[in-house]
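Structural characterization, general
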2 protein chains.
Amino acid sequence: MATVPETKVNHGPTLAKVPIFSGLTEGELAFLLQRAIPRRYVAGEIVFGEGEPCLGMYVVESGHIRIFKSSSGGREHVLSVDGPGSSVAELPVFDGGSYPASAAAVDDATLLFVSKQDFHALCLAHPQVTLKVLRVVGARLRRLVGIIEELSFTTVRHRLASFLLRLAQKEGKRASEGIQVALPASNQELASQIGTVRELVSRNLSRLQAEGMLQLDGRHVLILDLKALEEASQASE
Amino acid sequence: MATVPETKVNHGPTLAKVPIFSGLTEGELAFLLQRAIPRRYVAGEIVFGEGEPCLGMYVVESGHIRIFKSSSGGREHVLSVDGPGSSVAELPVFDGGSYPASAAAVDDATLLFVSKQDFHALCLAHPQVTLKVLRVVGARLRRLVGIIEELSFTTVRHRLASFLLRLAQKEGKRASEGIQVALPASNQELASQIGTVRELVSRNLSRLQAEGMLQLDGRHVLILDLKALEEASQASE
DNA sequence: TTCCAGCTGTGACATCAGTCACATGCACCC
DNA sequence: GGGTGCATGTGACTGATGTCACAGCTGGAA
């Protein structure tokens, strides 16, 4: 219902900025644009579900998309959150299988849908596009391997500390102390991004605060002692 | 020292059987073969280490290769074990980064090394090869997502049961009971394949036997009650 | 305002995972 | 045969993880 196509907006600039399509000529972008279907999603809406046959890939135009696995018990583990300019599900398009995980809109979002057939045709016509896809996919694979590493070797405390550090890094390079970062909308969401449950997030945040590394303020965190946080994020042995 | 090139053997048949190179003409295979460097490894020898700059990809000709992550505390988590005909490290070749995990020979093994440059050239000249690489990589990504799912939602008991079921599946489709499967060389190795330590493998194997699902016999297991094992492999809720 | 829904913080608790220590068993080599 | 080295099996224990229950807070709707 909320996935009504809209035709009045110009989606060209979006496509040109997507890493895997950079380097295409005007004409090629136009070709792609003609076939890309814009779709709008409201916050929380499902884009596709794990196990569904893969019909095509998506490019994020605005908003953010959560890629996640869910357990039969209702828990979720977020694999990545992608913002404007990111491509989603480039990979399952190729191996013919179903989507390996589900995707949902975090906030209100607009995506461009490119069908499997069109994408294939584009890749065959432009080998460099395929190579770029491989580069993007490489980054994705690295992230997954990193998640596995964290899950099998570290504790919730470690993962929470690294998560905060990652936020701080994005936030800017103000060398010294006092970096302010914004947490995900809820502890539940944060928990599913680091592979645990909300109670442990709450407890560990409090503990880090008690240890003087940070200052909680609702959904914001002021990082007071970067060094200590870094230590806490490293596996003990 | 054990990585002495050998030139007397004909490696052509191997290359032709590798999924990502299937469909190439005789001439193209010959081109590739000329540039592929055979290398031999003894059991346990390291092929490449996590973090090293990626110089090229490998094709397994004989033996088996373990891809794994290791923690600072000495624990390891095996991401995959690849046998003859598999390609290894196809992905990091493309994104310019370092190897995301380490690789070592399980048994004595022969690999064909293809340099980054040669592989790139081949992909540019043959877009279908690139597409096949993407298919292979897709499978790899699915496996990684599966590992993450198991790690974050299930217990050691579940993972051990699924592991045994996977072995049983490979072993053959003899519908009824009494499937015999071979375990990895040591419980330590099995442990690092399902993300735990050897003691828990030992205990859980014993427990599954006590519950009548299987019969231990050194490094072999006779699966007595497939249904019960399947139940044990499913997340409880 | 009041009410309600959803989120947060926390204590109590059950279970799981991992470590340490040690005894046993097995193969291989001298 | 005896010793050495390596893998296994087990018990005891510690700490991490996750569940349940409940109380308090907040923001929005009626």
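Below you will find a few notes about this structure. Given the structure is predicted, the values throughout are model-derived calculations rather than measurements.

Conventions adopted
- Residues numbered from 1 in each chain as written.
- Chains lettered and ligands numbered in written order.
- Predicted model: local features only at pLDDT ≥ 70, side-chain atom pairs only at ≥ 80, totals over all residues.
- Heavy atoms only, no water.
- Buried < 20%, exposed > 50% of the residue type's maximum accessible area, 1.4 Å probe, protein only.
- Helix = DSSP H or I, 4+ residues; strand = E, 2+ residues; numbered from the N terminus.
- Pairing = 2+ DSSP bridges.
- Contact = heavy atoms within 4.5 Å.
- Buried area = accessible area lost by both parts, 1.4 Å probe.
- Salt bridge = Lys/Arg side-chain N within 4 Å of Asp/Glu carboxyl O.
- Near = heavy atom within 4 Å.
- Polar contact = N/O pair within 3.5 Å; in protein donor to acceptor, adjacent residues only side chain to side chain.
- Arc of directions from axis to C-beta.
- Axes fitted to C-alpha atoms, helices over the stretch in contact; angles between N-to-C directions.
- Parallel < 35°, antiparallel > 145°, perpendicular 65-115°, else oblique.
- Left-handed = near helix turned anticlockwise from the far one by under 90°.
- Nonpolar A, V, L, I, M, F, W, Y, C, P; charged D, E, K, R; others polar.

The next point concerns the pairing of strand β4 (residues 65-70) of chain B. Residues and elements named next belong to chain B. Judged by how many residues are buried, β4 sits mostly within the fold: five of six residues are covered. Sheet analysis places β4 next to strand β5 (residues 76-82), joined by six bridges and oriented antiparallel. Looking across to β5, one finds that S70 is bridged to E76. In this structure, the hairpin formed by β4 and β5 is closed by a connection of five residues, where G74 is found at a positive phi of approximately 95 degrees. Bridge count between β4 and strand β7 (residues 102-105): four bridges; the pairing is antiparallel.

With that out of the way, let us pick up the interface of chain A and chain B. If you look at the interface, chain A gives 42 residues, while chain B gives 42 residues. Of the roughly 3,900 Å² buried between chain A and chain B, counting both surfaces, carbon and sulfur atoms make up 76%. Along the contact surface separating chain A from chain B lie four salt bridges. Linking R142 of chain A and D95 of chain B is a salt bridge whose minimum nitrogen-to-oxygen distance equals 2.7 Å. Among the secondary structure elements, those contributing two or more residues to the side of chain A that touches chain B are β4 (65-70), β5 (76-82), α3 (92-95), α4 (116-125) and α5 (127-153) of chain A.

So, about the protein's contact with DNA strand D. Close contacts around DNA strand D come from 18 residues, with V156 and T196 of chain A together with N187, R198 and R203 of chain B the closest. Counting only atoms of DNA strand D within 4 Å of the protein, the fraction found in sugar and phosphate groups is 42%. Between R203 of chain A and DNA strand D, the recorded distance is 3.2 Å, taken from a side-chain N or O atom to a base oxygen. For DNA strand D, a base oxygen lies 2.8 Å from a polar atom in the side chain of R198 of chain B. Every element with two or more residues in the surface near DNA strand D is listed here: α8 (198-210) of chain A together with α7 (187-194) and α8 (198-210) of chain B.

A word on helix α9 (residues 226-233) of chain B. Residue and element names in this part refer to chain B. Among all positions of α9, only L226, A228, L229, A232 and S233 are buried. For α9, the angular spread of the buried residues around the axis is 160 degrees, confining them to a single face. More than 90 degrees from the buried face of α9, the exposed residues found are K227 and E231. Looking at the buried residues of α9, the elements they touch are α6 (156-171), β9 (179-182), α8 and β11 (220-223).

Residue and element names in this part refer to chain B. Relative orientation of the contacting elements α6 and α9 amounts to 135 degrees, with a least axis distance of 7 Å. When the axis of α6 is compared with that of α9, the two are oblique. As α6 runs across α9, the sense of the crossing is left-handed. Touching R157, H158, A161, S162, L164 and L165 of α6 are L226, L229, E230, A232 and S233, all from α9. Here the residues of the contact of α6 with α9 are counted per class, giving six nonpolar, three polar and two charged.

None of this, on its own, says anything about what the molecule does.
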